[in-house]
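Analysis of the macromolecular model
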There are 2 protein chains.
Amino acid sequence: MKAGNVTTGPRLRVVLEPEIALGPGKADLLERIRDTGSIAEAGRELGMSYKRAWTLIDELNRCFRQPLVETSRGGSGHGGAALTRRGEEVLASYRRMEAATCAAVREDLEALRKLVASSPDDLLAKAC
Amino acid sequence: MKAGNVTTGPRLRVVLEPEIALGPGKADLLERIRDTGSIAEAGRELGMSYKRAWTLIDELNRCFRQPLVETSRGGSGHGGAALTRRGEEVLASYRRMEAATCAAVREDLEALRKLVASSPDDLLAKAC
């Protein structure tokens with residue numbers, strides 16, 4: 001099961017070029033890197049391996065004309081990481097699109113949830 | 001690579017209850033069942049096995065209070081299948097949400113695509 005499927009509500013993925021997409025997982029990863037200053041720590045908080053987190057960031061960095069995350073080799077462990085200004089912009093853009101999607105689908109989604117066999121009323125509020 | 005990642009643009013998944021989501025794959029499958037009258041044929045057109053297609057439909061049917069697809073045992077092969085009225089409603093609802101998402105994210109997505117290293121200008125139009 002994907003982690004993003006635990007909470008009910010909409011999930012947005014934007015395919016930027018064939019095979020390269022930005023979705024909730026990469027957005028959360030960027031956000032944790034911003035907050036923790038470390039790819040390893042960000043990955044750990046999201047339950048992914050360092051290799052997995054690094055691969056996702058490498059994919060994003062290659063996809064954009066300018067990197068979203070810059071790393072510095074630290075004396076111990078895996079060194080530090082930070083979002084570039086471009087990284088901040090892309091993350092903010094994704095969060096705006098996510099919020100716009102929530103608003104755009106809310107009415108239909110509420111109607112749809114009433115047709116679902118088991119749907120605790122408090123679940124939708126968590127997702128949007 | 002997921003089939004849905006070939007064409008650039010937004011992809012919407014709605015999580016209806018924990019672990020049960022409706023996204024482009026299931027929506028396309030419902031649509032093909034409506035058009036072909038067969039789960040096997042619908043799956044074939046989408047490049048998925050009969051077992052896979054049947055499992056997705058069974059999951060959807062169990063998720064909703066009323067089934068979305070009804071099947072009849074035919075004399076040969078896997079019998080026929082059709083969308084119920086509820087199935088038509090759910091598919092229409094998903095397509096409305098998908099269109100609303102496209103409109104809601106268009107501006108941000110166009111700006112984002114300009115930051116991508118390789119983004120042929122004609123790709124976005126295909127997705128929305």
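To start, this report covers the structure provided alongside it. One numbering rule holds for all chains: residues counted from 1, following each sequence as written. Just so you know, chain letters begin at A and ligand numbers begin at 1, following the order they were written in. With pLDDT at 70 or above as the cut-off, local features in this predicted model cover only qualifying residues; side-chain atom pairs require 80 or more to be listed or tallied, and sums for whole chains, interfaces and linings still use all residues. Derived side-chain values reflect all non-hydrogen atoms in the structure, with water molecules and hydrogen atoms excluded from consideration.

Counted at 1.5 Å a residue, the expected span for helix α3 (residues 50-63) of chain B with its 14 residues is 20 Å, and the 20 Å between its end C-alpha atoms agrees. Those residues of α3(B) hidden inside the fold are in contact with β1 (9-17), β2 (20-22), α1 (24-36), α2 (39-45) and β3 (69-72) of chain B. Helix numbers and strand numbers start at the N terminus; a helix is a DSSP run of H or I with at least 4 residues, a strand a run of E with at least 2. A helix is expected to reach a length of 1.5 Å times the quantity of its residues less one. The criterion used for residue contact is that any of the two residues' heavy atoms lie within 4.5 Å.

Turning next to the sheet that holds β2(B). The pairing criterion for strands is at least two bridges between them, as found by DSSP. Taken together, the 4 strands give an open sheet; going across it, the order is β2(A)-β1(A)-β1(B)-β2(B), and neighbouring strands pair in antiparallel fashion. The open sheet has two free edges, formed respectively by β2 (20-22) of chain A together with β2 of chain B, since each of these has just one partner strand. The mean inter-strand angle of the sheet, taken between neighbouring strand axes irrespective of direction, is 30°. In the sheet, β1(B) pairs with β2(B) via 3 bridges, with the strands oriented antiparallel. In the strand pairing of β2(B), Val15(B) is matched with Ala21(B). Angles here are taken between N-to-C directions and fall from 0 to 180 degrees, while the axes themselves are lines fitted to C-alpha atoms, restricted in helices to the stretch in contact.

Take the packing of helix α4 (residues 85-113) of chain A against helix α4 (residues 85-113) of chain B next. When two helices pack together, you describe them by how their axes are tilted relative to each other and by the distance separating the axes. At a minimum axis distance of 9 Å, the contact between α4(A) and α4(B) shows a crossing angle of 160°. When the interaxial angle is binned, α4(A) and α4(B) end up roughly antiparallel. The two elements α4(A) and α4(B) cross, and the hand of that crossing is right-handed. Packed against α4(A), whose contacting residues are Val90(A), Ser93(A), Arg96(A), Met97(A), Ala100(A), Thr101(A), Ala104(A), Val105(A), Asp108(A), Leu109(A) and Leu112(A), the element α4(B) presents Val90(B), Ser93(B), Arg96(B), Met97(B), Ala100(B), Thr101(B), Ala104(B), Val105(B), Asp108(B), Leu109(B) and Leu112(B) at the interface. Under the grouping applied here, Gly and all other residues not named as nonpolar or charged are polar, the nonpolar ones being Ala, Val, Leu, Ile, Met, Phe, Trp, Tyr, Cys and Pro and the charged ones Asp, Glu, Lys and Arg. Looking at the contact of α4(A) with α4(B) residue by residue, the classes come out as 14 nonpolar, 4 polar and 4 charged. Should an angle lie under 35 degrees it is considered roughly parallel, over 145 roughly antiparallel, and from 65 to 115 roughly perpendicular; all remaining angles are considered oblique. Note on convention: near helix rotated counterclockwise from far helix by under a right angle means a left-handed crossing. Clockwise means right-handed.

In this section: the pattern of salt bridges. Only one rule defines a salt bridge in this text: a Lys or Arg side-chain nitrogen within 4 Å of an Asp or Glu carboxyl oxygen. This structure, assessed with the given rule, holds 20 salt bridges over all chains. In this structure, Asp35(B) engages Arg34(B) in a salt bridge whose closest nitrogen and oxygen atoms are separated by 3.0 Å. Where salt bridges share partners, they join Asp28(A), Glu31(A), Arg95(A) and Glu98(A) into one cluster.

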